[in-house]
Amino acid sequence: MANTKAKAAEVKIKLKEAGETKENIAQKREIYRDVATRGSILYFAIVEMSLVNAMYQTSLFQFLQIFMESMNKAERANLSSKRVVNIIDTMTYMVYRYINRGLYESDKLTFVLLTTMKILVTGGSLTTDDIGLLLRGGASLDINGVRKNPMPWMPSDVWLNIIKMSSDVAYFRTLPDTIIRNEAMWKRWYEENEPESTPVPDLEAELAGDSRLGHWRRLLLIRSLRVDRTSLAVKTFIRNTDRKSVV
């Protein structure tokens, strides 16, 4: 009887210790969840590049090798949170370098933008609707189904982009009226050789004070009005994207 009680007490202690160990493991695993999230984002960005060109194929095994190597190469840190940031930075750079070597020059920016968009959407900074607006603009609209464009110098596709942006983005709700009201200024900006580096009429002061979201809206403006300068605007947007906000 005494032995049974002793065994029961021993089992109870071991169960308690096992529960505590399980809880500690779960806590540590949660700390590194951001690493797994970034790994998932990078892998699926790589996979989707095969839709750009069927030659862009990278196996899961190849990716996992880079994933594991990045954890070995990342700078050590006493704080777990700092260690996570170091792993994410190292992994992202290593994956970029690895994939970049196998891409055509014309597709390299596409990969970086795709990865950036996925990071921003996962982090909650952007939505899939935001990405759709960047990709399609006002292509889904019919010129005969929207308010008439009163500016002869502005092409129909640009006007449709503006209308779509004003309906989908609250910040741009009054943009059509703003452009019409200050037509001369906007026409001059529209005809600039480098509008991506020229202050935007009416909006630039506000945009400049709004960091990342400001950079995103500026990218939408360039894409909507001067699609020929979008690649340059994309590079600027990527440079200005705050790494800390897109973990």
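Summarised in this report is the structure supplied together with it.

Analysis parameters
- Residues numbered from 1 in each chain as written.
- Predicted model: local features only at pLDDT ≥ 70, side-chain atom pairs only at ≥ 80, totals over all residues.
- Heavy atoms only, no water.
- Helix = DSSP H or I, 4+ residues; strand = E, 2+ residues; numbered from the N terminus.
- Buried < 20%, exposed > 50% of the residue type's maximum accessible area, 1.4 Å probe, protein only.
- Contact = heavy atoms within 4.5 Å.
- Areas by Shrake-Rupley, 256 points an atom, 1.4 Å probe, with all protein chains shown as cover.
- Arc of directions from axis to C-beta.
- Phe/Tyr/Trp six-rings, centres within 6.5 Å; stacked < 30°, edge-to-face > 60°.
- Core = buried A, V, L, I, M, F, W, Y, C linked by side-chain atoms within 4.5 Å.
- Axes fitted to C-alpha atoms, helices over the stretch in contact; angles between N-to-C directions.
- Parallel < 35°, antiparallel > 145°, perpendicular 65-115°, else oblique.
- Left-handed = near helix turned anticlockwise from the far one by under 90°.
- Nonpolar A, V, L, I, M, F, W, Y, C, P; charged D, E, K, R; others polar.

## Let's talk about the overall build of the chain
Stage number 1. Secondary structure summary: the chain contains 12 helices and zero strands in total.
Stage number 2. Relative to its 247 residues, the chain shows a buried fraction of 38%.
Stage number 3. Considering only intrachain contacts with a sequence separation of at least 6, the fraction spanning at least 24 residues in the chain is 59%.
Stage number 4. Carbon and sulfur atoms make up 54% of the accessible area of the chain, which totals about 14,900 Å².

## Considerations on helix 9 (residues 183-190)
Stage number 1. Of the residues making up helix 9, those classed as buried are W186, W189 and Y190. An end-on view of helix 9 places all buried positions within 100° of arc, on one side of the element. Exposed residues pointing more than 90 degrees away from the buried face of helix 9 are listed as A184 and R188.

## Details of the packing of aromatic side chains
Stage number 1. One pass over the full model with this rule turns up eight aromatic pairs.
Stage number 2. Plain terms: the ring middles of Y43 and F63 are 5.4 Å apart, the flat faces sit at 55° to each other, and that makes the pair tilted. Of this pair, Y43 sits in helix 2 (residues 33-48) while F63 sits in helix 3 (residues 60-73), and the two are 20 residues apart along the sequence. Per residue, the accessibility class of Y43 equals that of F63, and both read buried.
Stage number 3. Note on W186 and W189: the rings are 5.9 Å apart at their centroids and 75° apart in plane angle, and the pair reads as edge-to-face. Here the residue W186 and the residue W189 both occupy positions in helix 9, the gap between them amounting to three residues, near one helical turn.

## As for the nonpolar core
Stage number 1. Membership of the largest hydrophobic core comes to 35 residues, with the highest contact counts inside it found for M117, L175 and W216.
Stage number 2. Counting only elements with at least two residues in this core, the list comes to helix 5 (105-122), helix 6 (128-136), helix 7 (156-168), helix 8 (175-181), helix 9, helix 11 (211-225) and helix 12 (230-240).
Stage number 3. If near-sequence neighbours (up to four positions away) are discounted, M117 is found in contact with L126, I131, L134, W216 and F237.
Stage number 4. Within the second largest apolar cluster, 20 residues are counted, among which are I46, A74, M94 and I99.

## Concerning the environment of L141
Stage number 1. Within the secondary structure, L141 is located in the loop between helix 6 and helix 7.
Stage number 2. A C-alpha to C-alpha distance of 8.8 Å links L141 and I163, two positions 22 residues apart in sequence.
Stage number 3. Beyond its immediate sequence surroundings of up to four residues, L141 is in contact with V146, L160, I163 and K164.

## Here we look at the packing of helix 2 against helix 5
Stage number 1. Look at helix 2 against helix 5: their axes get within 9 Å of each other, and the N-to-C directions meet at 140°. Accordingly, the angle class assigned to the pair helix 2 and helix 5 is oblique. Between helix 2 and helix 5 lies a crossing whose hand is right-handed. Each of T37, R38, I41, L42, F44, A45, I46 and E48 in helix 2 lies in contact with helix 5, whose residues at this interface are F111, L114, T115, K118, I119 and T122.
Stage number 2. Looking at side-chain class alone, the contact of helix 2 with helix 5 contains eight nonpolar, three polar and three charged residues.

## Thoughts on unusual backbone geometry
Stage number 1. Even without glycine at this site, D202 takes up a positive phi of about 70°.
Stage number 2. We classify D202 as partly exposed; its relative accessible area is 36%.

## Focus: the side chain of T178
Stage number 1. Checked against the element boundaries, T178 lands in helix 8.
Stage number 2. Beyond its immediate chain neighbours, meaning those up to four positions away, T178 contacts W186 and D202.

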